[in-house]
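As a plain string of letters, each chain reads:
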Amino acid sequence: IGTAINAGLEATGLDVRLQEAVGKALAALGSAAPASFAGRVAAARRLPPASGLWVLEGLGDAAADGDEPLHRRLEREGVAIASWPPLHAGLGLALARRFLSALPPAPRDVAAAVAGFARRCRRQAAPGYAGAVFESLGFVAWNLHPRHLAALDRALAEDDPVRRRYLWHGVGRGLYFSPLCAVPGGTAVALARAALAPPFAAGRRNAVAGVAWALTLVNLPRPESFAAAAAVAAPYLDRELAAAFGDGVASALALWHRVYGEEPTAGRFLAAAAASSAGRRLACRPWERLRRRRRGREGAVEELFIHP
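What you see is a predicted model, and the numbers here were worked out from it, not measured in a lab.

(A) Spatial organisation of the overall build of the protein chain. Each helix and strand in the protein chain was counted, giving 16 helices and zero strands. Per-residue burial for the protein chain yields a buried fraction of 56% across its 308 residues. As presented, the protein chain carries roughly 12,900 Å² of accessible surface, and 55% of it is formed by carbon and sulfur atoms.

(B) Representation of the environment of Phe-134 in the model. Here Phe-134 shows up in helix H8 (residues 130–144). Sequence separation between Phe-134 and Gly-92 is 42 residues; the distance between their C-alpha atoms is 6.1 Å. Not counting chain neighbours up to four residues away, the residues in contact with Phe-134 comprise Val-114, Phe-117, Ala-118, Cys-121, Leu-156, Arg-163 and Tyr-166.

(C) Broad picture of helix H12 (residues 201–219). Helix length check: H12, at 19 residues, gives a terminal C-alpha distance of 27 Å against a target of 27 Å (1.5 Å per residue), a fit within 8%. Counting buried positions over the 19 residues of H12 gives 17, a clear majority of the element.

(D) Structural context of the packing of helix H6 (residues 84–102) against H8. Packing of H6 against H8 leaves a shortest axis separation of 7 Å and a crossing angle of 50°. As summarised for this structure, H6 and H8 are arranged oblique, according to the angle between their axes. In the crossing of H6 with H8, the sense of the turn from one axis to the other is right-handed. For the pair H6 and H8, contact is made by His-88, Ala-89, Leu-91, Gly-92, Leu-93, Leu-95, Ala-96, Arg-97, Phe-99 and Leu-100 and by Val-133, Ser-136, Leu-137, Phe-139, Val-140, Ala-141 and Leu-144, respectively.

(E) Spotlight on the side chain of Arg-173. Considering the arrangement of structural elements, one finds Arg-173 in helix H10 (residues 161–177). The buried category is assigned to Arg-173, whose relative accessible area is 3%. When near neighbours in sequence (up to four residues on either side) are disregarded, Arg-173 contacts Glu-57, Glu-135, Ser-136, Phe-139, Gly-210, Val-211, Trp-213 and Ala-214.

(F) Structural detail: the packing of aromatic side chains. Under the defined criterion, the tally for this structure stands at ten aromatic pairs. Ring geometry for Trp-54 versus Phe-177: centroids 6.1 Å apart, planes at 80°, classification edge-to-face. With a gap of 123 residues between them, Trp-54 in helix H4 (residues 49–63) and Phe-177 in helix H10 connect regions that are remote in the sequence. Take Trp-54 and Phe-177: they sit in the same class, and that class is buried. Sitting above the plane of the Phe-134 ring, Arg-163 keeps its charged end 5.7 Å from the centroid. Its guanidinium or amino end placed over the ring of Phe-200, Arg-164 lies 3.5 Å from that ring's centre, counting from NZ or CZ.

(G) Representation of the pattern of salt bridges. Scanning the model with the defined rule gives 13 salt bridges in all. A salt bridge links Glu-240 to Arg-205; its shortest N-O distance comes to 3.3 Å. Note that Glu-240 is positioned in helix H14 (residues 239–260) and Arg-205 in helix H12, a separation of 35 residues in sequence. Between Glu-298 and Arg-258 there is a salt bridge; the shortest N-O distance is 3.6 Å. With Glu-298 in the segment after helix H16 (277–293) and Arg-258 in helix H14, this residue pair connects regions lying 40 residues apart in the sequence. Relative accessible area serves as the criterion here: at 54%, Glu-298 is assigned to the exposed category. According to the relative accessible area criterion, Arg-258 is buried, its value standing at 18%. Overlapping salt bridges, with partners in common, bring together Glu-68, Arg-73, Arg-76 and Glu-77 in one network.

(H) Examining the side chain of His-145 more closely. Tracing the backbone through its elements, the reader meets His-145 in the loop between H8 and helix H9 (149–159). Those residues in contact with His-145, other than ones at most four positions away along the chain, are Arg-97, Leu-100, Ser-101 and Val-140.

About the criteria used
Residues numbered from 1 in each chain as written. Predicted model: local features only at pLDDT ≥ 70, side-chain atom pairs only at ≥ 80, totals over all residues. Heavy atoms only, no water. Helix = DSSP H or I, 4+ residues; strand = E, 2+ residues; numbered from the N terminus. Buried < 20%, exposed > 50% of the residue type's maximum accessible area, 1.4 Å probe, protein only. Areas by Shrake-Rupley, 256 points an atom, 1.4 Å probe, with all protein chains shown as cover. Contact = heavy atoms within 4.5 Å. Expected span 1.5 Å × (residues − 1). Axes fitted to C-alpha atoms, helices over the stretch in contact; angles between N-to-C directions. Parallel < 35°, antiparallel > 145°, perpendicular 65-115°, else oblique. Left-handed = near helix turned anticlockwise from the far one by under 90°. Phe/Tyr/Trp six-rings, centres within 6.5 Å; stacked < 30°, edge-to-face > 60°. Lys NZ or Arg CZ within 6 Å of the ring centre and 35° of its normal. Salt bridge = Lys/Arg side-chain N within 4 Å of Asp/Glu carboxyl O.

Below you can see the structure in the form of structure tokens.
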């Protein structure tokens, strides 16, 4: 499991406190971790959710080493569907790292290469998860292969505008975890870049949503940290970007509920957010809007990795 999440911890500048929590979780598992994949997933689910979520993502990363599509392995081994979202996110990180590492400095046909990557995401993912896998391309491109980002964007602009939005949502996530933003006030830096880097409006909205998505999941156990970041960000977000930020928060909360159900962390987070005007505007109201919009249906997991 340690090997599984190593790249996610070291290559993305993951929040130091989160690194410590995941490290303690891995130490608690130690050599007693089960040999089977399903057993390791079950062990990860017994960890405190604040660290277990990231261990599940790392297991998905490690699972990409095999030739068997991930969704078939999950079905064959009887892995509970609640664990599938972070496992697919981890799969996306592994596939994106391999794809971008193999891409030459000046590829002749980026569009064909990206189309091939998209096909692999569809083949590996369960129905309704392919977008969640593809979204990691933006995350990895921003943090490890930024020289390719403009070419990826141009290729998707011509051939696949929906996946272009997934790309920039992933960039937003990558911005939050970027080492350059891992300083006091780093969230404001990430949001400023998210509002400026994409060359089109939907990309800017998705990048901002991606920053908010990552900010929320990392700080669910520490709502005071989210509140401080939201208070700083709120005055600088116009109506459109504030809506995108709120959607990122709500989507992250929906993902948490998919994985952990009614576990109380999200409830405490929302209760703390309700104590401030910024929290109500950027967390509580967007969450209620998403719940009303999805009343009676959960929708595909990939819908939580893109801003409409």
